[in-house]
Amino acid sequence: MSKREAFLNSLCRENVKEFLTFIKVHKDKAEPFDLEEVLQELQKGQREELWAKLVTLLHDQLAAFPPESWDAGLEEDKDENDMEVEVSADLMHTVSVFEGGALVVTCSVHIIEDGDIYDALLECANILNDILPYLPASEMPLRQAVHSLCEAWWMKGLLGKEELGRTAFLVCLEKTLILKKPRAEIRRLWALHDVLLTVDFTSEASKELIDMLLQCFLSVNHIRTDEGKRLMVFLFSWNVNFIQMIHGTIKNQLPYFANSLVDHIAEVYCRAWKKSTGDHLERIESACIQDLMQHAVLLHRTSPVHTKVRQILSYFHKRKSLQGLDEMLYRLYKPILWRALSAANAEVRANATLLFTEAFPIHDPSQSSEKMDQTIQKQFNALMLLLEDPQPLVRSTATLGVCKVLAKCWELIPSTIIADFLKKLVLELANDTSSPDVRCSVFKCLAIVLDNAFSHLLLEQLLPALKNSLHDTSEKVRVAFLDLLLKIKAVRAAKFWKVSSMEHLLARLAVDSQPVSKRIVNLLFNSFFPVNQSEQVWCERCVTLIQMNPKAARRFYQFAHIYTAPTNIVKLILSIRRCLNACIHTENLNETNSSNKENTTILEDVLSVKDTATMASLLEVVVILWRSIRKALELNKDVLQYTTAKFGSVMSKYFSMFQDERCTVPLIQLASLLPSASVPTFSCSVLSRLKRLEAGTQQSQYSQMMECLCSWGQAGHLLELITDWLSEALPTTTGKGGAGRKVRIEETAEAKPDLGLDYLEYLISCSTTRECVLPLWQGQLKQLHKVLGAWKSVLYSHLSCSEAQAGVPGVETALRAFGLHARLSTHLHYRFSEGRDFLVSVENMAAWVAERVLPFLVSPGERGLTQQQQDLSRQVVENLLTACRDLIRVGLADEEFKGQVLQLCSVILVSEKGFLCVPALLSVLTEVSESQVPEVRAQEDQTPVILSVVTNIFQKILEVMARRLRKEPEEGRELWRLAVPPLGHFLEIVQAWAGVDSNPQTEVFSTVCAATLAATRHSLQKISHPQEVMTPVTVEELPTLASILLDVLLKSPTLTRAFLAELHSTVHSGVIDSLTGLAAVLHILTVIRQTGKFKAEMKTTAVSIQQQLQKHCVITAEDEGHIQRVIYESAINTLNEILVPCA
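What you are looking at is a predicted structure, and each value in this text was computed from that prediction instead of being measured. (Residues numbered from 1 in each chain as written. Predicted model: local features only at pLDDT ≥ 70, side-chain atom pairs only at ≥ 80, totals over all residues. Heavy atoms only, no water.)

Draft legend 1. Region of the structure containing the overall build of the protein. Tallying secondary structure elements over the protein gives 56 helices and two strands in all. Computed over C-alpha atoms, the radius of gyration of the protein comes to 46 Å, more than 25% over the 32 Å expected from 2.2 N^0.38 for 1143 residues, which places it beyond the range of a compact globule. Along the first, second and third principal axes, the C-alpha atoms of the protein reach 135 × 115 × 85 Å. Put simply, of all contacts in the protein between residues at least 6 apart along the chain, 70% involve residues at least 24 apart. Of the accessible surface of the protein, which amounts to about 53,300 Å², a share of 50% is contributed by carbon and sulfur atoms. Side chains of the protein carry 117 positive and 134 negative charges; the gap between the two charge centres is 8 Å. (Helix = DSSP H or I, 4+ residues; strand = E, 2+ residues; numbered from the N terminus. Rg over C-alpha atoms; globule rule 2.2 N^0.38 Å. Contact = heavy atoms within 4.5 Å. Areas by Shrake-Rupley, 256 points an atom, 1.4 Å probe, with all protein chains shown as cover. Lys, Arg positive; Asp, Glu negative; His and termini not counted. Charge placed at Lys NZ, Arg CZ, Asp CG, Glu CD.)

What follows is the structure in structure tokens.
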């Protein structure tokens, strides 16, 4: 029996095992049996017999094990340890038979010939298609086989393909949306796209398919692939009602699309429009393209959709050469654009201007030439009107649009119109005093016009009129103008120095900001640093630049390294060195001819050592250039060593020749860039020079030398010098702290503690020197810190004695040492933040102040104390509070330190004259409060405790200050004048707590409210005559304390609202029930009412007052002159004035 006959006989239920064997052998590549070859060898009758047997086999299998029972074929065996799913043998057998059947049907599809009757084969295919919903998810091989069958059937175009094609399309569509790399599936999906023509769009069964098709417009994989875009274009022509659904889906997703994806979406719209006809074309134009136009006009520019919509429309504008596109844009824009260009809303006009100029010219190509000319002329007129629009936004947008139109259509626009536009831009809008944005837009957009070479001739004549724009008051306008000059230079449209002269450019370079200066350097770089010429020319240009504008020269070379390689910078530095050497050599020859011509240049006829200004500028340029490439030199040791050696060999000569102070400063700076061994004479004399200076010397005379010592690693010598001076200046009983150091001042010279403190202040104030000093903590700096702490004894000596003492340093010196001790502790804590040693140092200072200084903060005359002693004690306290405030401000204080500082604040307040330090105390409270504003509150946070202390101290401050106003009004007013700025800052910080923890905010504003009401109520209670009852109108008419506090609150709307909220809470709670108290509230509301704001808040409070006032209506029974009745009637009148406007 042949294999063909054996295979035919196996297609029955009795021989099904043989059938499965044939299928297994077919799948085995090593076996020669091929099912498709066997089928091709069969006769027509045999094929039909085979298909009939296969139908019977599949029916028998379904009858034996129906699909409805396949779920029961999954038996769950649960063990103690796990649960596994086992497939029953019957289900496995059934699946194998159907998988084999699918393979036979698929192979049969490929070999069907004309004239074959394949009804049985179609029945097999339908049976396999029908079992798909019942297949378990684990049976992927059978699913794949059925999918391949359906796809092959559709591609062959056989009868009954519609249902099978839909299955193939749905499965393939689902895969494209699920797989991570579905490119191949998208190709297969496109090959099946005609299936959709067989689908009824309106049927309920199509809803799932429609949802999946809409997801294609959200899929990046579909949008980016050619086949995916073809499918999306086709979907626009599937059903006219589907177009609106597609457009809505895309619009909803637009905010989340990347710009690159939007271009693909625009391409889909454009291709869909191009391929559509009839109703589909009309719907795409009206529902999609025109809808996008409407959105582009009406959306706010801040909307995330606006830029994406414009990007889609720009795709159409750029492809106006497509047949029919011009006419379509003209027709669709007509009812939208022209109305929007004259809209009342400026943003709508600006949006319309963008579209108009981008699509320009908007015309119908089918019009006659005369009609078209009229249309375009009207559009030119519209552009000119837009340039004259009253809103700067529209004028700026129109400027951009006009420049784009000129760049794109220069050759087609009449020369008179071009001239009119450019004159409008250059002569009017470039000088638009009402808006820097418009001026900036002109310069940015003229660069677009320059891209058209035909514009250069006309612009060359007009651009010089812009020369004054270099000095525009707006930085961004100056930046835009310089960018235009750079563009002019790049395209060689004109000589940039004819637009803006060299003198003006250098003058602006000397004084302007970094963005402007960098552009000027870029513009002038080839003029003063021509890298293609010799180094001698570079040096000559450098001298020329210095002589033209020395300050501009320094700025030029500060940014020169951005535009050339470090190698060229080094060459210029060495060239300047040769120039300086040549000048010195010429001077030494005493005006005789030199026999050595090596350094002879034309500069010798121009320069002289006696030209101090030029020599100093050359030295400054060397320093500036060297610093600009310092990092690059460190990476190239050979070049650094060579350059260092070259300058080291001439530094002594420079110091001896250039004695003027202008030259000395850059020489010292240059020496700091060299190793100390390269300048041995100078390096050995620096410390001696610093010792010889006197107190009060200008910082410029010692700062450079100190930087030299730090750069040479000799900062320790400076610290020793400062320590020796400070320790020797101490009284003998306390001056032994430095006796054990190994290094002492060798010269027998007078100690200069004030100069030493000047040096120390500079060392810790300058970041470069501070980084050299702080690492020396274990050495000289530790001893200096100790000596600074010993100066507290000097302060105490002055506090203890009312008369001047011989041998004791001055008070100012001791105060500075005290303050620098705290500052140095702060820097050390920042550098070495592992422990609390330096915080403890400041805490000890606070304890010393509380114990030794505060007893002297009393009234003069008590215990024989003088005014000078009181002032000194106040200064010491304020110095310490300032140091603590700064330490907290920079985030270095921990909770314990803040607690100690707040404790000190409390102690200061209870002292007799502690109120003198209230401004400093408020500054400390402000920093503590600001440091306690967290983003997320920790579970064990001490913030509530600290803020509770802050509110208590603040309450005490208001009590103390109110008492001073009552006892000493003049002194109290002066104290409040100093306290108002920190009070405002403190309240602003407390207001920030509203969103985190309202309790501290409520307590603080409750205190302010109570103080304000108490002062106002007290003034009402003192009234002795009815005529004295008057309602205040301004803040100044309130009592002093209320006036001060309310003035602070009214400067900030947020503070005023918080105060009004607290005021309303107080009134509503019924705490204020007296007539004078309610009248006081109304007086305060009257003053706030003058601001014209907070009407809703005041109305709420006024309503509560109205309810409270009704309780006092019996007072009207008193005589007309009764004070309480007068106050009541005044309150009623005031209440009505507040309520009526607010109603």
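Read on, since the account is not over.
Draft legend 2. Broad picture of the pattern of salt bridges. Inspection of every chain in the model, using the stated rule, returns 43 salt bridges. Where Arg-331 meets Glu-327, a salt bridge forms, and the shortest distance between an N and an O atom there is 2.8 Å. Separated by four residues within a single helix, Arg-331 and Glu-327 lie in helix H17 (residues 325–333), roughly one turn from each other. A cluster of three or more residues bridged by salt bridges with shared partners is formed by Asp-758, Glu-761, Arg-816 and Arg-823. (Salt bridge = Lys/Arg side-chain N within 4 Å of Asp/Glu carboxyl O.)

Draft legend 3. Region of interest: the state of the cysteines. Per the stated rule, a full pass over the model turns up zero disulfides. A disulfide-free cysteine, Cys-539 has its sulfur positioned 4.0 Å from the sulfur of Cys-579, the nearest such atom. Free cysteine Cys-684: the closest other cysteine sulfur is in Cys-708, separated by 13 Å. (Disulfide = S-S within 2.5 Å.)

Draft legend 4. Molecular detail of unusual backbone geometry. At the junction of Phe-360 and Pro-361, the peptide bond is cis and its omega measures out at -10 degrees in the coordinates. Position of Pro-361 relative to the elements: it lies in the loop between helix H19 (346–359) and helix H20 (369–387). Positive phi, normally seen in glycine, also occurs at Phe-1094, with a value near 60 degrees. When its relative accessible area of 8% is taken as the criterion, Phe-1094 is described as buried. (Buried < 20%, exposed > 50% of the residue type's maximum accessible area, 1.4 Å probe, protein only.)

Draft legend 5. Quick look at helix H38 (residues 703–711). Burial runs high along H38: seven of the nine residues are buried. Residues of H38 that are buried: Ser-703, Gln-704, Met-705, Met-706, Cys-708, Leu-709 and Cys-710. Contact partners of the buried residues in H38: helix H36 (661–673), helix H37 (680–692), helix H39 (715–729), helix H40 (753–765) and helix H41 (767–773). Among the residues trailing H38, Gly-713 stands out with phi positive, at a value near 75 degrees.

Draft legend 6. Fine view of the side chain of Glu-927. Locating Glu-927 in the fold gives a position in helix H48 (residues 918–931). A distance of 3.1 Å separates the side chain of Glu-927 from the side chain of Arg-889, its partner in a polar contact. When sequence neighbours within four positions are dropped, the list of residues in contact with Glu-927 reads Arg-885, Ile-888 and Arg-889. (Polar contact = N/O pair within 3.5 Å; in protein donor to acceptor, adjacent residues only side chain to side chain.)

Draft legend 7. Highlighting a positive patch on the surface. On the surface, Lys-956, Arg-963, Arg-966 and Lys-967 cluster together into a patch of positive charge. Assignment of secondary structure puts Arg-963 in helix H49 (residues 943–967). (Patch = residues over 30% accessible without salt bridge, like charges linked within 9 Å, V, L, I, M, F, W, Y side chains within 5 Å.)

Draft legend 8. Region of the structure containing helix H9 (residues 183–191). Turning to H9, its buried residues are Glu-185, Ile-186 and Leu-189. The arc enclosing the buried residues of H9, seen along the axis, measures out at 105 degrees, which places them on a common side. Those residues of H9 hidden inside the fold are in contact with helix H8 (161–178), helix H11 (220–224) and helix H12 (226–236). (Arc of directions from axis to C-beta.)

Draft legend 9. Layout of the packing of helix H29 (residues 535–548) against helix H32 (residues 612–628). Two numbers describe how H29 lies on H32: the axes approach to 10 Å, and their chain directions differ by 120 degrees. By the angle between their directions, the pair H29 and H32 is classed as oblique. In this structure, the crossing between H29 and H32 has a hand that is right-handed. Contacts from Cys-542, Val-543, Ile-546 and Gln-547 in H29 reach Thr-614, Ser-617, Leu-618 and Val-621 in H32. For the contact of H29 with H32, the per-class residue count stands at five nonpolar, three polar and no charged. (Axes fitted to C-alpha atoms, helices over the stretch in contact; angles between N-to-C directions. Parallel < 35°, antiparallel > 145°, perpendicular 65-115°, else oblique. Left-handed = near helix turned anticlockwise from the far one by under 90°. Nonpolar A, V, L, I, M, F, W, Y, C, P; charged D, E, K, R; others polar.)

Draft legend 10. Local environment of the environment of Thr-926. Relative to the assigned elements, Thr-926 resides in helix H48. Each C-alpha atom of the pair Thr-926 and Val-442 lies 47 Å from the other, and the pair is 484 residues apart in sequence. When neighbours within four sequence positions are excluded, Thr-926 is seen to be in contact with Pro-982, His-985, Phe-986 and Ile-989.

Draft legend 11. The packing of H32 against H36, seen in detail. Their axes nearest at 8 Å, the elements H32 and H36 cross at an angle of 25 degrees. As the angle between them shows, H32 and H36 are arranged roughly parallel. Note that H32 runs across H36; the crossing there is left-handed. Contact residues: Thr-612, Ala-613, Met-615, Ala-616, Ser-617, Leu-619, Glu-620, Val-622, Val-623, Trp-626 and Arg-627 in H32; Arg-662, Cys-663, Pro-666, Leu-667, Gln-669, Leu-670, Ser-672 and Leu-673 in H36. The class makeup of the residues in the contact of H32 with H36 is twelve nonpolar, four polar and three charged.

Draft legend 12. Structural detail: the packing of aromatic side chains. Taken as a whole and judged by the stated rule, the model has 29 aromatic pairs. Joined through ring pairs, the aromatic side chains of Phe-525, Phe-528, Phe-529, Trp-538, Phe-556, Tyr-557 and Tyr-563 make up one cluster. Here Lys-161 stacks its cationic end above the ring of Trp-154, 4.7 Å away from the centre of that ring. (Phe/Tyr/Trp six-rings, centres within 6.5 Å; stacked < 30°, edge-to-face > 60°. Lys NZ or Arg CZ within 6 Å of the ring centre and 35° of its normal.)

Draft legend 13. Up close: the environment of Leu-158. Note that Leu-158 resides in the loop between helix H7 (140–156) and H8. Residue classification places Leu-158 among the buried residues on the basis of a relative accessible area of 9%. Setting aside its immediate chain neighbours within four residues, Leu-158 contacts Val-109, Ile-112, Tyr-118 and Trp-153.

Draft legend 14. Quick look at the environment of Thr-198. Along the polypeptide, Thr-198 turns up in the loop between H9 and helix H10 (207–216). It is 9.0 Å that separates the C-alpha atoms of Thr-198 and Gly-165, two residues lying 33 residues apart in sequence. Setting aside anything within four residues of it in sequence, one finds Thr-198 in contact with Trp-154, Glu-162 and Arg-166. A polar atom in the side chain of Thr-198 sits 2.5 Å from the backbone oxygen of Val-195.

Draft legend 15. Quick peek at the confidence of the model for the protein. Predicted confidence across the protein gives a mean pLDDT of 85, with 92% of residues reaching 70 or more. Least confident of the elements in the protein is strand S1 (residues 74–78), whose mean pLDDT is 44; most confident is helix H30 (residues 550–559), at 95. When the criterion is pLDDT under 50, residues 73–85 qualifies, and its contacts beyond four places in sequence or with other chains add up to 19 contacts. The model gives residues 734–748 a pLDDT under 50, and that stretch makes 21 contacts with residues more than four places away or in other chains. (pLDDT = per-residue confidence, 0-100.)

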